[in-house]
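Residues per chain are reported as follows:
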Amino acid sequence: MTKTAEPTGAPALRVSGHGAWFLVLPALIPILVLSVGPLLYGVLLAFTDAQSGRTDPTRWIGALNFRDLLHDTLFWESFRIGLLWAVGVTVPQFLLALGLALLLTRDLRLRWLARALAIIPWAMPEVVVGIMWRLVYNPDAGLLNETLRDLGLGDGRDWLSGLATALPAVIVVGVWAGMPQTTVTLLAGLQNTPRELHEAAAVDGAGAWRRFRTVTWPALRPVALAVTALNLIWNFNSFALVYVLTGGGPGGRTRLPMLFAYEEAFRYGQFGYAAAMGCVMVAVVSVLLAVFLAGRLKGGDDA
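Residues numbered from 1 in each chain as written. Predicted model: local features only at pLDDT ≥ 70, side-chain atom pairs only at ≥ 80, totals over all residues. Heavy atoms only, no water.

Engineer: An account of the overall build of the protein chain is requested, with residue identities and associated values reported.
Structural biologist: Scanning the protein chain from terminus to terminus reveals 13 helices and zero strands. In the protein chain, once contacts between residues fewer than 6 apart in sequence are set aside, the share between residues at least 24 apart is 65%. Taken as a whole, the protein chain presents about 19100 Å² of accessible surface, with 66% of it coming from carbon and sulfur. (Helix = DSSP H or I, 4+ residues; strand = E, 2+ residues; numbered from the N terminus. Contact = heavy atoms within 4.5 Å. Areas by Shrake-Rupley, 256 points an atom, 1.4 Å probe, with all protein chains shown as cover.)

Engineer: Tell me about the environment of P168, and please be specific about residues and values.
Structural biologist: Within the secondary structure, P168 sits in helix α8 (residues 166-191). In this structure, the C-alpha to C-alpha distance between P168 and W85, residues 83 residues apart in sequence, is 8.7 Å.

Engineer: Please provide a residue-by-residue account of the pattern of salt bridges, values included.
Structural biologist: Taken as a whole and assessed by the stated rule, the structure comprises five salt bridges. For R149, the salt bridge is made with E146, and the minimal N-O distance between the two is 3.3 Å. Residue R149 and its partner E146 are located together in helix α7 (residues 143-150), separated by three residues, close to a single helical turn. Given a relative accessible area of 29%, R149 falls into the partly exposed group. We note a salt bridge from R267 to E263, for which the minimum N-O separation is 3.9 Å. Residue R267 is classed as exposed on the basis of its relative accessible area of 56%. The class of E263 is buried, set by a relative accessible area of 9%. Linked by salt bridges that have partners in common, R255, E263 and R267 make up one network. (Salt bridge = Lys/Arg side-chain N within 4 Å of Asp/Glu carboxyl O. Buried < 20%, exposed > 50% of the residue type's maximum accessible area, 1.4 Å probe, protein only.)

Engineer: Pulling in residues and values, what's your account of the packing of helix α3 (residues 73-104) against helix α10 (residues 208-236)?
Structural biologist: Direction vectors running N to C along α3 and α10 enclose 145 degrees, while the axes themselves pass 10 Å from each other. Seen along the crossing, α3 lies across α10 with a hand that is right-handed. Along its contact with α3, which presents F79, G82, L83, W85, A86, V87, V89, T90, Q93, F94, L98 and L102, the element α10 presents F212, T216, W217, L220, A224, V227, T228, N231, L232, N235 and F236. Among the residues forming the contact of α3 with α10, the class breakdown is 16 nonpolar, seven polar and no charged. (Axes fitted to C-alpha atoms, helices over the stretch in contact; angles between N-to-C directions. Left-handed = near helix turned anticlockwise from the far one by under 90°. Nonpolar A, V, L, I, M, F, W, Y, C, P; charged D, E, K, R; others polar.)

Engineer: So what's going on with the side chain of T254? Which residues, and what values?
Structural biologist: Summarising the element assignment, T254 is placed in the loop between α11 (240-245) and α12 (257-266). A polar contact is formed between the side chain of T254 and the side chain of T246, at a distance of 2.6 Å. Setting aside residues no more than four positions away along its own chain, T254 makes contact with I81, A166, L167, V170, V242, T246, G248, G249 and L259. (Polar contact = N/O pair within 3.5 Å; in protein donor to acceptor, adjacent residues only side chain to side chain.)

Engineer: Please give an account of the packing of aromatic side chains that cites residues and values.
Structural biologist: Under the criterion given, the structure shown has 17 aromatic pairs. Arranged with centres 5.5 Å apart and planes meeting at 10 degrees, the rings of F47 and W60 form a pair that is stacked. On the criterion of sequence distance, the pair formed by F47 in the loop between α1 (17-45) and α2 (64-70) and W60 in the loop between α1 and α2 is long-range, its members being 13 residues apart. Among the residues examined, W60 registers a relative accessible area of 58% and is labelled exposed. Between F79 and F236, the ring centres sit 5.3 Å apart and the planes meet at 70 degrees, which makes this aromatic pair edge-to-face. Pair noted here: F79 is in helix α3 and F236 is in helix α10, with a separation of 157 residues, a long-range link. The class for F79 is buried, based on a relative accessible area of 9%. Of the aromatic side chains, those joined through ring pairs into one cluster are F75, W76, F79, F236 and F260. Positioned over the ring face of W159 is R157, at 5.6 Å from the centre of the ring. (Phe/Tyr/Trp six-rings, centres within 6.5 Å; stacked < 30°, edge-to-face > 60°. Lys NZ or Arg CZ within 6 Å of the ring centre and 35° of its normal.)

Structure (C-alpha cells):
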C-alpha cells in the first residue's frame, strides 16, 4: 500500500471553531466590558429621563430627549464649532506633518535628534500640554505676548478670552499637539516607498515636485487617507485639551460637543439628555467611518 508523502516542515496548526473562540475570548472580554457594554447602556439611558439627585425611579420616555435635542440651538452650535475645530486642526496638522516627514527622510546631520524632538509633544499628556500653552498665552507674562512686545507689535492680548481669538488659539495648540503622531505615520509610509522608483524618475529628468506627484503621493495615499480619517474622528471627539485651555469659553466659542455633553451630565445632572447627545455623536462618527471605508473599498476595487 502506497503512503502519501507528508509535506516537509512543521505541521499546520488547525483549530476548531470552539477552540478559535477560546483563543479570541481573552481579547473580546475587555472590549465587551469596557466598550460595548457602556455603549449599550448609554443608548438605553438616552431613552430615559435619568437625572442626578432625584428620588423618583427613572422612567422610559422614548425619543423625547432626541426631540428636544433637535431643537437645541446651543447643541447644534457646539456641533458646528466641533466641525470647525476638527477640520481646522486636521488639515494644517496633515500639511505640516507631511512637510516634516519629507524633511526627515532626507540625509540630514543629526536626523536622529530631529526625529526624537519631533515626537516630544506626542509624549506629553493633554492636560500638561494645556497647562503649558495657557502659560504661553498668558496675557500678562506669557511668552507670546512678551515676544510681541519685544518686536514692537503691540501690547499683546488675552488670546484665550477673546471672542475672535479663542478658537484659533486653541486650534494652534491642537495642531502642535497632534502633529507628531501624523508625522510618524507618514514617515513610516514614506520609508516604504521603493527608492528605485525615485531613482528611475530622476533619471528620466523628473523634478522634485513631479517625483512627489507621480511616485511619492500614490504610494503614500492609502496611509494619508487613513491617518486623515482617524484624525478627523479623534479631533471631533476632543475633550481634555480644550477643557484645560478654555473650559468651553468665552461665551461658548470653544464649547465642543463633548464639552457640551459633559456639562449637561455632570454640571446640570441631565444624564439622559447627555446620553442622547452621545448617541448623536456616535452616529456622526459612524457615518464618517462608513464613508471612509466605502472610499477605501471602492479604491481597492478600482485598483
